[in-house]
Amino acid sequence: KNQVEQSPQSLIILEGKNCTLQCNYTVSPFSNLRWYKQDTGRGPVSLTIMTFSENTKSNGRYTATLDADTKQSSLHITASQLSDSASYICVVRRTGSSGGSYIPTFGRGTSLIVHP
Amino acid sequence: DTGVSQDPRHKITKRGQNVTFRCDPISEHNRLYWYRQTLGQGPEFLTYFQNEAQLEKSRLLSDRFSAERPKGSFSTLEIQRTEQGDSAMYLCASSPGGSGGRNEQFFGPGTRLTVL
């Protein structure tokens, strides 16, 4: 079964601190993995996309890593800000000819709260 | 604003009533998706259109749910005989065609449905 598991479920950190969110997946065959940020009451917004050949990708203070062999990804947030408080969702797509390649599998998300 | 828009943003209805939501995708995007998201969970796929063709439906989409995209532009999602378990955020997303599954999905702000 194609699954995406995220940890921790929730995380509270102080402003200025770093944190790392984890994503493990069993989706196969693998096409790409995205991290989304979802503010409360809003739709998700893409932060990064990673394909099989990419190990690391940065977007400002966000750095995503991918280990396609162990099927693990992480999202590292540096020097956290209050505006980083949100849910961070890992999304994995399959490849294939069934038409399902366009339907991604979403994790449940990690709820991050940044306190001043 | 040229992003994905959804209407209404909030809907409160009584059990047994029918509701209809509208999604206007980004104008040049030919793929449109509907998702349902409950508190603390990631979005769950409901259905997907490529232009006006509904190509895939989730098992979550019971016969009380119907979606249309008559002219390949805006889409509607109707829920008949609503139940309390239908209470959720209904998200719409769109993406451009081509490039396989790599294309980013752009999400709308969602319609929050509360069934009393």
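Residues numbered from 1 in each chain as written. Chains lettered and ligands numbered in written order. Predicted model: local features only at pLDDT ≥ 70, side-chain atom pairs only at ≥ 80, totals over all residues. Heavy atoms only, no water.

J.: Give a description of the overall build of chain A that names residues and reports values.
T.: Looking only at helices and strands, chain A features 0 helices and 11 strands. Element order for chain A, N to C, with α for helix and β for strand: β-β-β-β-β-β-β-β-β-β-β. Here chain A has a C-alpha radius of gyration of 14 Å; the compact-globule value for 116 residues is 13 Å, and the two agree. Oriented by its inertia axes, the alpha-carbon framework of chain A measures out at about 50 × 30 × 20 Å. When burial is assessed residue by residue, chain A has 48% of its 116 residues classed as buried. Treating the 11 positive side-chain charges of chain A as one cloud and the 7 negative ones as another, the clouds have centres 7 Å apart. (Helix = DSSP H or I, 4+ residues; strand = E, 2+ residues; numbered from the N terminus. Rg over C-alpha atoms; globule rule 2.2 N^0.38 Å. Buried < 20%, exposed > 50% of the residue type's maximum accessible area, 1.4 Å probe, protein only. Lys, Arg positive; Asp, Glu negative; His and termini not counted. Charge placed at Lys NZ, Arg CZ, Asp CG, Glu CD.)

J.: Break down the nonpolar core for me, citing the residues and quoting the values.
T.: By size, the foremost hydrophobic cluster in this structure holds 24 residues, and its most contacted members are A:Y25, A:L33, A:W35, A:L75, A:Y88 and A:V92. Contributions of two or more residues to this core are made by strand 3 (19-25), strand 4 (30-38), strand 5 (45-51), strand 7 (62-67), strand 8 (72-77), strand 9 (86-94) and strand 11 (110-115) of chain A. The contacts of A:L75, once residues within four sequence positions are left out, are A:C19, A:T20, A:L21, A:W35, A:L47, A:Y62, A:T63, A:A64 and A:Y88. The next biggest cluster of nonpolar side chains, apart from the first, holds 19 residues, and it includes B:V4, B:V19, B:L61 and B:Y90. (Core = buried A, V, L, I, M, F, W, Y, C linked by side-chain atoms within 4.5 Å. Contact = heavy atoms within 4.5 Å.)

J.: Which residues make up the side chain of B:S75, and what values do they have?
T.: Residues and elements named next belong to chain B. Checked against the element boundaries, S75 lands in strand 8 (residues 75-79). Its relative accessible area of 0% is what places S75 among the buried residues. At 2.9 Å, the side chain of S75 and the side chain of W34 are in polar contact. With sequence-adjacent residues up to four places away left out, S75 is seen in contact with F21, R22, C23, L32, W34, F49, E68 and R69. (Polar contact = N/O pair within 3.5 Å; in protein donor to acceptor, adjacent residues only side chain to side chain.)

J.: Please give an account of the interface of chain B and chain A that cites residues and values.
T.: Every contact between the two is made by 23 residues of chain B and, on the other side, 23 residues of chain A. Both sides of the chain B and chain A interface together cover about 1,800 Å² of buried area, and 51% of this is carbon and sulfur. One can count 0 salt bridges joining chain B with chain A. At the junction of chain B with chain A, the criterion picks out 3 residue pairs in polar contact (both at pLDDT 80 or more). Elements represented by at least two residues in the side of chain B that touches chain A include exactly strand 4 (31-37), strand 5 (44-50) and strand 9 (88-95) of chain B. (Buried area = accessible area lost by both parts, 1.4 Å probe. Salt bridge = Lys/Arg side-chain N within 4 Å of Asp/Glu carboxyl O.)

J.: I'd like to hear about the packing of aromatic side chains, residue by residue, with values.
T.: The description of an aromatic ring pair rests on the distance of the ring centres and on the angle between the ring planes. Overall, the coordinates contain 11 aromatic pairs over all chains when judged by the stated rule. Between B:F21 and B:Y90 the ring centres are 5.4 Å apart and the planes differ by 45°, which places this aromatic pair in the tilted class. Residue B:F21 is located in strand 3 (residues 19-24), and its partner B:Y90 is located in strand 9; the two are separated by 69 residues in the primary sequence. Overall, the relative accessible area of 0% leaves B:Y90 in the buried class. Each member of the aromatic cluster is reached from another via a ring pair, and the members are A:Y36, A:F106, B:Y33, B:Y35, B:F45, B:Y48 and B:F107. When the ring centre of A:Y62 is taken as origin, the NZ or CZ atom of A:R61, which lies over that ring, is 5.7 Å away. Lying over the aromatic face of B:F74, B:R22 brings its terminal NZ or CZ to 3.9 Å of the ring centre. (Phe/Tyr/Trp six-rings, centres within 6.5 Å; stacked < 30°, edge-to-face > 60°. Lys NZ or Arg CZ within 6 Å of the ring centre and 35° of its normal.)

J.: Give me the lowdown on the state of the cysteines, citing residues and values where you can.
T.: Applying the stated criterion across every chain yields a total of 2 disulfides over all chains. The side chain of B:C23 participates in a disulfide bridge whose partner is B:C92; the two sulfur atoms lie 1.9 Å from each other. Judged by the sign of its S-S torsion, about -70°, the bond between B:C23 and B:C92 is left-handed. One end of the pair, B:C23, is in strand 3; the other, B:C92, is in strand 9, with 69 residues separating them in the sequence. In this pair, the class of B:C23 matches that of B:C92, namely buried. Of all cysteine sulfurs, the one in A:C90 lies closest to A:C19, which takes part in no disulfide; the gap is 15 Å. Taking the relative accessible area as the measure of exposure, A:C19 reaches 5% and is therefore buried. (Disulfide = S-S within 2.5 Å.)

J.: Help me get a handle on the pairing of strand 5 of chain B, residues and values and all.
T.: All names here are of chain B. Among the 7 residues in strand 5, 5 count as buried, and that is most of the element. Count of turn residues in the strand 4/strand 5 antiparallel hairpin: 6 residues, of which G40 carries a positive phi of about 80°. Both strand 5 and strand 6 (residues 53-57) contribute to a ladder of 4 bridges, which runs antiparallel. Each residue of the ladder has a partner; that of F49, found in strand 6, is Q54. Between strand 5 and strand 6, which follow one another and run antiparallel, lie 2 residues, and N51 among them has a positive phi close to 55°. (Pairing = 2+ DSSP bridges.)

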